[in-house]
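Working through the structure, step by step
Listed below are the residues making up each chain.
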Amino acid sequence: MNSLLNLLNCTVEITKLTEKHWPEVRAIYESGLATGNANFSMQAPEWEEWDFAHLINCRLAAVENNEVLGWAALTATSDRCVYEGVAEVSVYVREDVRGKGIGSTLLKAIIEESELHGLWMLESRIFAENLTSLSIHKRNGFRLVGRRERIGKMNGVWRDTILLERRSNTVGV
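Below or above, wherever it landed, is the structure these notes cover. (Residues numbered from 1 in each chain as written. Predicted model: local features only at pLDDT ≥ 70, side-chain atom pairs only at ≥ 80, totals over all residues. Heavy atoms only, no water.)

Let us now look at unusual backbone geometry. Located in the positive-phi region is Asn65, a residue other than glycine, with phi close to 50°. With respect to the element layout, Asn65 can be found in the loop between strand 3 (59-64) and strand 4 (67-76). When its relative accessible area of 68% is taken as the criterion, Asn65 is described as exposed. The residue Arg150 is not glycine, and still its phi comes out positive at about 50°. Mapped onto the secondary structure, Arg150 falls in strand 7 (residues 143-154). Among the residues examined, Arg150 registers a relative accessible area of 52% and is labelled exposed. (Helix = DSSP H or I, 4+ residues; strand = E, 2+ residues; numbered from the N terminus. Buried < 20%, exposed > 50% of the residue type's maximum accessible area, 1.4 Å probe, protein only.)

As structure tokens, then:
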């Protein structure tokens, strides 16, 4: 997948995320983690661990002038064959370009990519305080499944997550 997007008079390319992107992808991930509202992880993994965890066919980077502005990737939700078409979404955007539509563009692109690879359901678990991410997901066809109260502790504080899902209209129908 190589597609171009004209975003605020800049040309952003959505391309396959590869190991060559990892240093910038990791920095963006760490910046997201530093907000305290990305996920329960305290630090980004090494490439090998991240590579193993994410579906090889559904990894995208938003690139402009050879710089990664954001990324999206999917992880399997289960190793049971009945759930082979279900994956969890991750979308991260570089701090200095947040609010410019890159997250939404990546989410749209990863939805499209997921359907090309036979996935029928995407889900996302988002901290209740991450209003921007919740809004982007809802605008892109995700529906509220529910609130998971006090699902885990972060720095000694119980956190809630909001579970959202998006069912494909073309795959698994």
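Having seen the structure, we can now continue with the description.
Once that is clear, we can look at the pairing of strand 3. For strand 3, the buried fraction is high: six of the six residues fall into the buried class. Burial along strand 3 is two-sided: Arg59, Ala61 and Val63 and Leu60, Ala62 and Glu64, pointing in opposite directions, are all buried. Bridge count for strand 3 against strand 4 is six bridges, and the pairing is antiparallel. Bridging from a neighbouring strand, Leu60 pairs with Ala72 of strand 4. The hairpin turn running from strand 3 into strand 4, its antiparallel successor, is two residues long, and Asn65 in that turn takes a positive phi close to 50°. (Pairing = 2+ DSSP bridges.)

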